[in-house]
Amino acid sequence: MARGLETFLAALAVGFVADSPATADPLLRQFAICTGRYSALVEHQWLVDGPASEGSAGVRDSLWTLAEAVAGPAEAAAAMGWRIDAKVAQRGLLDRAYFARDAAAEKRSAQLLQACADLIGQS
């Protein structure tokens, strides 16, 4: 199954089972969102800069470990939903920045990724 289709189906499934995320831990939400952003970066780097993807994958994995540490069983679906939504959004920024040479998208993408890296002391 193609990766895009897998992601779409996972997002669809999460939408059906997610409880209200309003009560979720804000740290969980932030870690899940940042995991999604770094997931998009890793996939983008596979296309344009393979070796860089290893470092980004390490950051992604660290962020997801933190998300799992603060997530309760009832929050797992919401966390995956945030992760997928953020991944899709970040992928759009990366695509616009790289393929359309959109400077604003490149700047915003870098800002979002840096904010996530700052959560775990990465640069």
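Preceding block: the structure.
Predicted model only: the values in this text are computed from it and were never measured. (Residues numbered from 1 in each chain as written. Predicted model: local features only at pLDDT ≥ 70, side-chain atom pairs only at ≥ 80, totals over all residues. Heavy atoms only, no water.)

### Describing the overall build of the protein
Right, so step 1: Across its full length, the protein carries 5 helices and 0 strands.
Right, so step 2: When the helices and strands of the protein are placed in sequence order, the string is α-α-α-α-α.
Right, so step 3: The buried share of the protein, taken over its 123 residues, is 37%.
Right, so step 4: The long-range share in the protein, meaning contacts at least 24 apart out of those at least 6 apart in sequence, stands at 71%.
Right, so step 5: In the structure as shown, the protein presents an accessible area of about 7,100 Å², 58% of it carried by carbon and sulfur atoms. (Helix = DSSP H or I, 4+ residues; strand = E, 2+ residues; numbered from the N terminus. Buried < 20%, exposed > 50% of the residue type's maximum accessible area, 1.4 Å probe, protein only. Contact = heavy atoms within 4.5 Å. Areas by Shrake-Rupley, 256 points an atom, 1.4 Å probe, with all protein chains shown as cover.)

### Digging into the packing of aromatic side chains
Right, so step 1: One pass over the structure, following the stated rule, counts 1 aromatic pair.
Right, so step 2: Residues Tyr98 and Phe99 carry aromatic rings whose centres are separated by 5.0 Å and whose planes lie at 90° to one another, so their mutual orientation is edge-to-face.
Right, so step 3: When the ring centre of Tyr98 is taken as origin, the NZ or CZ atom of Arg101, which lies over that ring, is 5.3 Å away. (Phe/Tyr/Trp six-rings, centres within 6.5 Å; stacked < 30°, edge-to-face > 60°. Lys NZ or Arg CZ within 6 Å of the ring centre and 35° of its normal.)

### A look at the pattern of salt bridges
Right, so step 1: For the coordinates displayed, the defined rule picks out 5 salt bridges.
Right, so step 2: Between Arg91 and Glu43 there is a salt bridge, and its shortest N-O distance comes to 3.6 Å. Here Arg91 is found in helix 4 (residues 76–99), whereas its partner Glu43 is found in helix 2 (residues 26–48), with 48 residues between them in sequence.
Right, so step 3: Residue Arg91 is classed as partly exposed on the basis of its relative accessible area of 35%.
Right, so step 4: Residues Asp61 and Arg60 are paired through a salt bridge, measuring 3.0 Å at the closest nitrogen-oxygen approach.
Right, so step 5: Accessibility expressed as a relative area gives 40% for Asp61, which makes it partly exposed.
Right, so step 6: One network of salt bridges, in which partners are shared, links Glu43, Lys87, Arg91 and Asp95. (Salt bridge = Lys/Arg side-chain N within 4 Å of Asp/Glu carboxyl O.)

### Topic: the nonpolar core
Right, so step 1: In terms of nonpolar packing, the biggest core is built from 20 residues, with Tyr38, Leu63 and Trp82 touching the most fellow members.
Right, so step 2: When contributions to this core are tallied by element, the ones reaching two or more residues are helix 2, helix 3 (52–70), helix 4 and helix 5 (103–119).
Right, so step 3: A per-element tally of this core places helix 2 first, with 8 residues.
Right, so step 4: If near-sequence neighbours (up to four positions away) are discounted, Tyr38 is found in contact with Ser56, Val59, Arg60, Leu63, Leu113, Cys116 and Ala117. (Core = buried A, V, L, I, M, F, W, Y, C linked by side-chain atoms within 4.5 Å.)

### Some details on the state of the cysteines
Right, so step 1: In total, this model carries 1 disulfide according to the counting rule given.
Right, so step 2: Paired through a disulfide, Cys34 and Cys116 show a sulfur-sulfur distance of 2.1 Å. Measuring the twist about the S-S bond at about -75°, one finds the Cys34-Cys116 disulfide to be left-handed. Note that Cys34 is positioned in helix 2 and Cys116 in helix 5, a separation of 82 residues in sequence.
Right, so step 3: A relative accessible area of 0% places Cys34 in the buried class. (Disulfide = S-S within 2.5 Å.)

### Regarding helix 3
Right, so step 1: Its 19 residues give helix 3 an end-to-end C-alpha distance of 28 Å, which sits within 8% of 27 Å, the value for a rise of 1.5 Å per residue.
Right, so step 2: Regarding helix 3, the residues found buried are Ser53, Ser56, Ala57, Val59, Arg60, Leu63, Trp64 and Ala67. What you see down the axis of helix 3 is that its buried residues fit within an arc of 160°, all on one side. Every exposed residue of helix 3 that faces more than 90 degrees away from the buried side is listed here: Glu54 and Ala69.
Right, so step 3: Contacts made by the buried residues of helix 3 are with helix 2, helix 4 and helix 5. (Expected span 1.5 Å × (residues − 1). Arc of directions from axis to C-beta.)

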